[in-house]
Amino acid sequence: MCVDRGYELLESEVNISLDEFREKYADSNGFPQRALMGITARPTDLMLQKHAIAPTPQNPNPKPAIGTIHIEFNGDDQVGMKQTKSFVQACAAQGWDNGIMVCRAAPSGAALKSLQSVLPLIIE
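(A) Region of interest: the overall build of the chain. The secondary structure content of the chain amounts to five helices and five strands. A principal-axis box enclosing the C-alpha atoms of the chain has dimensions of 60 × 40 × 20 Å. For the chain, the proportion of its 124 residues judged to be buried stands at 27%. Considering only contacts in the chain between residues 6 or more positions apart, those separated by 24 or more positions represent 71%. Side-chain charges in the chain split into 11 positive and 14 negative, and the spacing between the mean points of these groups amounts to 9 Å.

This is the structure in structure tokens:
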């Protein structure tokens, strides 16, 4: 998904066999360890060019309208304000521009509402 959208990932991160995946991300019972599955990716030069903002006299060196993305796999049975707040704080602290939180359960309504207030971060 990230490579298709123009993010840089290592070939070993993209093409992994099921056996390699199980060895790297599963516990002794074969269940995935979601905490180990997170990934961060930078946009390619082509993606940065595509999302470049034209310079203006007021902003002669604008930052591209795209940046680093972080994907986290949350394993909690319920996703509420605590989990979304923690994820948003991690994105802000690390300087990630975009975040995707993959959850086992649908986030609560309050958690989804709270994500609307974290601009300029883009959280999905």
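(B) Molecular detail of the nonpolar core. Formed by V79, F87, V88, C91, W96, M101, L115, V118 and I123, the largest nonpolar core amounts to nine residues. Of the residues forming this core, the biggest block, three residues, is contributed by helix α4 (residues 81-94).

(C) Main features of the pairing of strand β3 (residues 69-74). One ladder, built from three bridges, connects strand β2 (residues 39-43) with β3; its direction is antiparallel. Paired with A41 across the two strands is I69, which belongs to β3. Examined bridge by bridge, β3 and strand β4 (residues 98-103) share six bridges and lie parallel to one another. Bridge pairing in β4 links H70 to G99. Handedness of the crossover is the feature at issue here: the chain leaves β3, passes through α4, returns alongside β4, and the resulting connection is right-handed.

Rules used throughout
Residues numbered from 1 in each chain as written. Predicted model: local features only at pLDDT ≥ 70, side-chain atom pairs only at ≥ 80, totals over all residues. Heavy atoms only, no water. Helix = DSSP H or I, 4+ residues; strand = E, 2+ residues; numbered from the N terminus. Buried < 20%, exposed > 50% of the residue type's maximum accessible area, 1.4 Å probe, protein only. Contact = heavy atoms within 4.5 Å. Lys, Arg positive; Asp, Glu negative; His and termini not counted. Charge placed at Lys NZ, Arg CZ, Asp CG, Glu CD. Core = buried A, V, L, I, M, F, W, Y, C linked by side-chain atoms within 4.5 Å. Pairing = 2+ DSSP bridges. Right-handed = clockwise from strand over helix to strand, strands pointing away.

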